[in-house]
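# Coordinate analysis (summary)
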Amino acid sequence: MEVLWVGAAYALGLLASRFGLPPLVGYLGAGFVLRGLGQHSEPVLNQIADIGVLLLLFTVGLKLRWQNLVQSQVIGGGGLHFVLASLLAGGLALLLGLNSTQALYIGAGLAFSSTVLAVKLLEDRRELSTFHGRVTVGILVLQDLIAVALLAYAGVKQPTLWALGLLALPLLRPLVTWVLEKSGHDELLLLYGLGLALGGAELARVVGVSPELGALLMGAALAGHAQTSELSRTLWGLKEAFLVAFFLQIGLLGLPALSQIPLAVGLLLLLPVQTLMFFGLFTQFGLRSRTAFVTSIALTSYSEFALITTAAAIEAGILPEGWGALMGLLVAVSLALGAPLNRGVHGLYDRLEPFLLRFERKGFHPDAEPTRLDGAEWLIVGMGRTGGAAYKMLERQGQRVVGLDADPDKLERHTSKGRRGVYGDSEDSELWEQLEIGGLKGVLLTMPDLEAKLRGVQALKARGFRGIIAVTSYHREEDPVLERAGATLIFQPFAEAGERLAERALGLGLETEKVS
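Residues numbered from 1 in each chain as written. Predicted model: local features only at pLDDT ≥ 70, side-chain atom pairs only at ≥ 80, totals over all residues. Heavy atoms only, no water.

## Considering the sheet that holds strand β1 (residues 378-381)
- Taken in spatial order, the six strands line up as β3-β2-β1-β4-β5-β6 in an open sheet, and their pairing is parallel. At either margin of the open sheet sits one strand with a lone partner, and together these are β3 (421-423) and β6 (489-491). Ignoring strand direction, the axes of neighbouring strands in this sheet form an average angle of 20°.
- In this sheet, strand β4 (residues 442-445) lies alongside β1 in parallel orientation, the contact comprising four bridges. In the strand pairing of β4, Trp378 is matched with Gly442. (Pairing = 2+ DSSP bridges. Helix = DSSP H or I, 4+ residues; strand = E, 2+ residues; numbered from the N terminus. Axes fitted to C-alpha atoms, helices over the stretch in contact; angles between N-to-C directions.)

## Details of the pattern of salt bridges
- One pass over the full model with this rule turns up 16 salt bridges.
- The partner of Glu240 in a salt bridge is Lys120, and the shortest N-O contact between them spans 2.7 Å. A residue pair is termed long-range when its members are at least 10 positions apart, and Glu240 in helix α11 (residues 228-251) and Lys120 in helix α6 (residues 115-124) qualify at 120 residues. Pair check on accessibility: Glu240 and Lys120 agree, each one buried.
- Across the pair Lys453 and Glu478 runs a salt bridge whose closest N-O atoms are separated by 3.6 Å. On the criterion of sequence distance, the pair formed by Lys453 in helix α21 (residues 450-462) and Glu478 in helix α22 (residues 478-485) is long-range, its members being 25 residues apart. Accessibility classification places Lys453 together with Glu478 in one group, the buried group.
- The structure contains a network of salt bridges with shared partners spanning Arg288, Arg290, Glu369, Asp425, Asp428 and Glu430. (Salt bridge = Lys/Arg side-chain N within 4 Å of Asp/Glu carboxyl O. Buried < 20%, exposed > 50% of the residue type's maximum accessible area, 1.4 Å probe, protein only.)

## A look at the pairing of β4
- Judged by which residues are buried, β4 turns out to be covered on both faces: Gly442 and Leu444 on one side and Val443 and Leu445 on the other are all buried.
- Bridge count for β4 against strand β5 (residues 468-472) is four bridges, and the pairing is parallel. Following the sheet pairing, Val443 is matched in β5 by Ile469.
- In this region the chain leaves β4, passes through α21 and returns to the parallel neighbour β5; the handedness of that crossover is right-handed. (Right-handed = clockwise from strand over helix to strand, strands pointing away.)

## Focus: empty space enclosed by the protein
- Applying the stated criterion across every chain yields a total of five cavities of 30 Å³ or more.
- Along the walls of the largest cavity sit twelve residues, with Lys63, Leu64, Leu128, Arg134 and Val137 positioned nearest its centre.
- Top element by residues in the lining of the largest cavity is helix α7 (residues 131-154). It accounts for four residues.
- Class assignment for the residues of the lining of the largest cavity results in five nonpolar, four polar and three charged.
- The volume enclosed by the second largest cavity comes to roughly 50 Å³.
- What lines the second largest cavity is simply Thr130, Phe131, His132, Arg288, Arg290, Thr291, Asp367, Glu369, Tyr423, Asp425 and Asp428. (1 Å grid on protein atoms, 1.4 Å probe; cavity = no way out; pocket = protein on both sides within 12 Å on 5 of 7 lines; lining within 4 Å. Points joined across faces, edges and corners; volume = space filled by probe spheres on them. Nonpolar A, V, L, I, M, F, W, Y, C, P; charged D, E, K, R; others polar.)

## Brief notes about the environment of Tyr302
- Topologically, Tyr302 is positioned in the loop between α14 (289-298) and α15 (305-315).
- Side-chain polar atoms of Tyr302 contact the backbone oxygen of Leu267, separated by 2.5 Å. (Polar contact = N/O pair within 3.5 Å; in protein donor to acceptor, adjacent residues only side chain to side chain.)

Printed below as a string of C-alpha cells:
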C-alpha cells in the first residue's frame, strides 16, 4: 500500500513539474487517481499527514514575530474579510436551498485560507520573512484563533480553562533553548525539533485546542534564537515528505456526485471575489498595491479547515454525507489553482501594475521600499551567511558597504554589531526603480532564490547600471541563465569553498616546506 502511495505521488508530481506546475498539484491528482483505483485513506496516511502539517506550523512559529499579529492590516483586514467572506458564502448557501445552520458551517468553512498552501509556497520562495509574508502569516494565525472559537461553539472541541496557559509557552524559552544548544547538529537536533512540534500539539489537544496552534506556539517559544535557522533546515526534508501525505489525503476523499458539480463550480467562483475583497481591504489599510496583491493571492485558496467543519457537520447530521467529497473537491481544486498562481505572482503583478496602482492610497505606506543608500559603494542584497561574510570582507578593505534584506531578524543581528542595513524586498520592482545606485561600484546578490536574483540582475541592467553585478549560484544549471541576464560574476559557494580550502592548505604546505 505504502509503495503505491509513494509511487503515484512521485509519478504525478514529476509530471506536474514537467509542465511547469508545483509538484503538489501532482500529489493532489495522485490522490484522485488512487481513489479511482479503489484505494482509501488509511490511518497511517492520516497520521503522517497530520505530522507534516504540525511540522509546517512549528517551523512557521520559529519565524513568528508577535508584533506582526497586532498590525491593523492583520486585525482589521483579516477580521473584516472573514466576516464578509462568511456572509457571502453563507448567503450563497441559503440561496441554494440550505437552511441557516447548514449555511453557517459552509460560510465559515469557506472563509478561511489554506495555511498549508500559503506557508509552503512562501517558504519555497524564501518569502516568509518579507513584509507580505509576515502579513500573510499573521492573518493565518488570526484565522486559526477564530477556528478554535468556532469549533468550541459547534461543540467539536471545548477548550478548558487550561487552554489560556498555551499563551505562556514562550516563557519556556530559557529551558527549550538550553536543550536546543545541547542537541548538536545531527539526528539529535532533528529528534528534538520533531519532539517539540509533537509535544506542543499534544499539549494543545489535551486542553481542547487545535494541535496545529499548539505546534505553532511551541515554535514561537524558540523564535529569534540563533540556531532556529539550522533547526528549520534540519526539519525541512522530513516536513516536505510528510506533507505529500496531506495532499494525497485530500484527493483520496474522492469526487462528489455529478449532480453536485454545478454547486461546486458556483462555490469555486467565490474565490476571485474573495481575492478582490482581500485586495480592497489591504489597500484601504494603507498597503501598497504590490503588497496587497501578492498577499491576496497567497490567501486565495480554500482551507483544510473547511474539511474539518464539514466532517463535524456530517457527523452531527447537519449536512448530508455527500458534502464531504464536495468540500474535498473544492479544497483540492483551489489548491491546484492557487499553487501555479502563487509561483508566478511577481510576474503577474508586473503585468497588472499600471491598473492596480490606481487603487493604491496616497500618503505613508508601512511597506514602502528604501530609496537612499547614503553614499554606499557596495550593496549586498541578502544578509545571510554568505552576504554577512562578504560585508565583513569589504568593510575590512575600507569600502563603504550597506546590506539589504527582507528579514528584520537578520538586519537586527547585523545592525547590533554596528553594520549598516536597510529593509527591502529584492523581488519588488519598485525597489529597483527608485533605489539610488549612481554611486555604487558593485551589487552582490546572495539570495538563495533564482527568481529573486534574476529580477535583481535584470532590473539593474534595465537601469543602465555599469558596475559589478556579482551573484551566488547553488546549481550549475543556474549559471547560463544568470549569464544571459547580465551578471558580471557568478560565484558557487559550495564548489569554490572547496577550491579555496585546497588553495589555503597548499599555501600552508609550501610555507611549511620552506621552514623545514
